[in-house]
Amino acid sequence: DGGITQSPKYLFRKEGQNVTLSCEQNLNHDAMYWYRQDPGQGLRLIYYSQIVNDFQKGDIAEGYSVSREKKESFPLTVTSAQKNPTAFYLCASSPASAQGVDTQYFGPGTRLTVL
Amino acid sequence: AQKITQTQPGMFVQEKEAVTLDCTYDTSDPSYGLFWYKQPSSGEMIFLIYQGSYDQQNATEGRYSLNFQKARKSANLVISASQLGDSAMYFCAMRGLNTGNQFYFGTGTSLTVIP
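**Thoughts on the pattern of salt bridges**
- The full count for this structure, using the stated rule, is five salt bridges over all chains.
- Between Lys71 of chain A and Asp30 of chain A there is a salt bridge whose closest N-O contact spans 3.5 Å. Of this pair, Lys71 of chain A sits in the loop between β7 (64-66) and β8 (76-78) while Asp30 of chain A sits in the loop between β3 (19-25) and β4 (31-37), placing them 41 residues apart in sequence.
- In this structure Asp30 of chain A comes out as partly exposed when scored by relative accessible area, which is 28%.
- Residues Asp86 of chain B and Arg63 of chain B are paired through a salt bridge, measuring 2.8 Å at the closest nitrogen-oxygen approach. With a gap of 23 residues between them, Asp86 of chain B in the loop between β9 (74-79) and β10 (88-96) and Arg63 of chain B in the loop between β7 (60-61) and β8 (64-69) connect regions that are remote in the sequence.
- Among the residues examined, Asp86 of chain B registers a relative accessible area of 2% and is labelled buried.
- Residue class for Arg63 of chain B comes out partly exposed when judged on its relative accessible area of 22%.
- Salt bridges linked by common partners bring Arg36, Asp38 and Arg44 of chain A together as one network.

See below:
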């Protein structure tokens, strides 16, 4: 089945540790995104990538890093520099076109809790 | 700058009734797309409906319709014959021609369907 997978579903981290959230898609989409969602809040863009080996910072990139070595993979690392990382993280992908009904498709999300 | 505004943090509707969720937007892009997503308590984001800025007719998808008023820059979601399963968060989003692949989200509206 085509879609986006994120792992793990739940992740616990001790303060001061880096953790990496996985995001894989088999939709052959060029663009991939990472969002952060806090309870009762909307989505805030962390990073996005339009092609392999290229990515741009979103609104809240500080304390996060990404890589895009393969089209289908866009892992997100939450570093110890992120002061308040406890949140729900959503990965998404979309075709590269900026027109038409090229919606984003979302993964199931990873819930990160810092202990 | 692109901005999406959802002014209703929470809405209640009686089962089988219709409900309108408000969304206004601001953009200088000549061409853009407007999207609505549903987020149940499980966290996944589900694409509901799309409206292109040059579409002459309002979009419809089953029980969902989009009341698009371009001059007022509003794109309200109408859900007809509400069902208990419609209880969820609803997000309005926009993607502009000149902003490439970046999507902009509102803060969401929590809809509760009352039996």
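**Thoughts on the interface of chain A and chain B**
- Opposite the 24 residues of chain A that make contact, chain B presents 18 residues.
- For the pair chain A and chain B, the summed buried surface comes to about 1,800 Å²; carbon and sulfur atoms form 55% of the total.
- In this structure, the connection of chain A to chain B is made through five residue pairs in polar contact (both at pLDDT 80 or more).
- Listed by contribution, the elements that provide at least two residues to the side of chain A that touches chain B are β4, β5 (43-51) and β9 (87-94) of chain A.

Scoring rules and cut-offs
- Residues numbered from 1 in each chain as written.
- Chains lettered and ligands numbered in written order.
- Predicted model: local features only at pLDDT ≥ 70, side-chain atom pairs only at ≥ 80, totals over all residues.
- Heavy atoms only, no water.
- Salt bridge = Lys/Arg side-chain N within 4 Å of Asp/Glu carboxyl O.
- Helix = DSSP H or I, 4+ residues; strand = E, 2+ residues; numbered from the N terminus.
- Buried < 20%, exposed > 50% of the residue type's maximum accessible area, 1.4 Å probe, protein only.
- Contact = heavy atoms within 4.5 Å.
- Buried area = accessible area lost by both parts, 1.4 Å probe.
- Polar contact = N/O pair within 3.5 Å; in protein donor to acceptor, adjacent residues only side chain to side chain.

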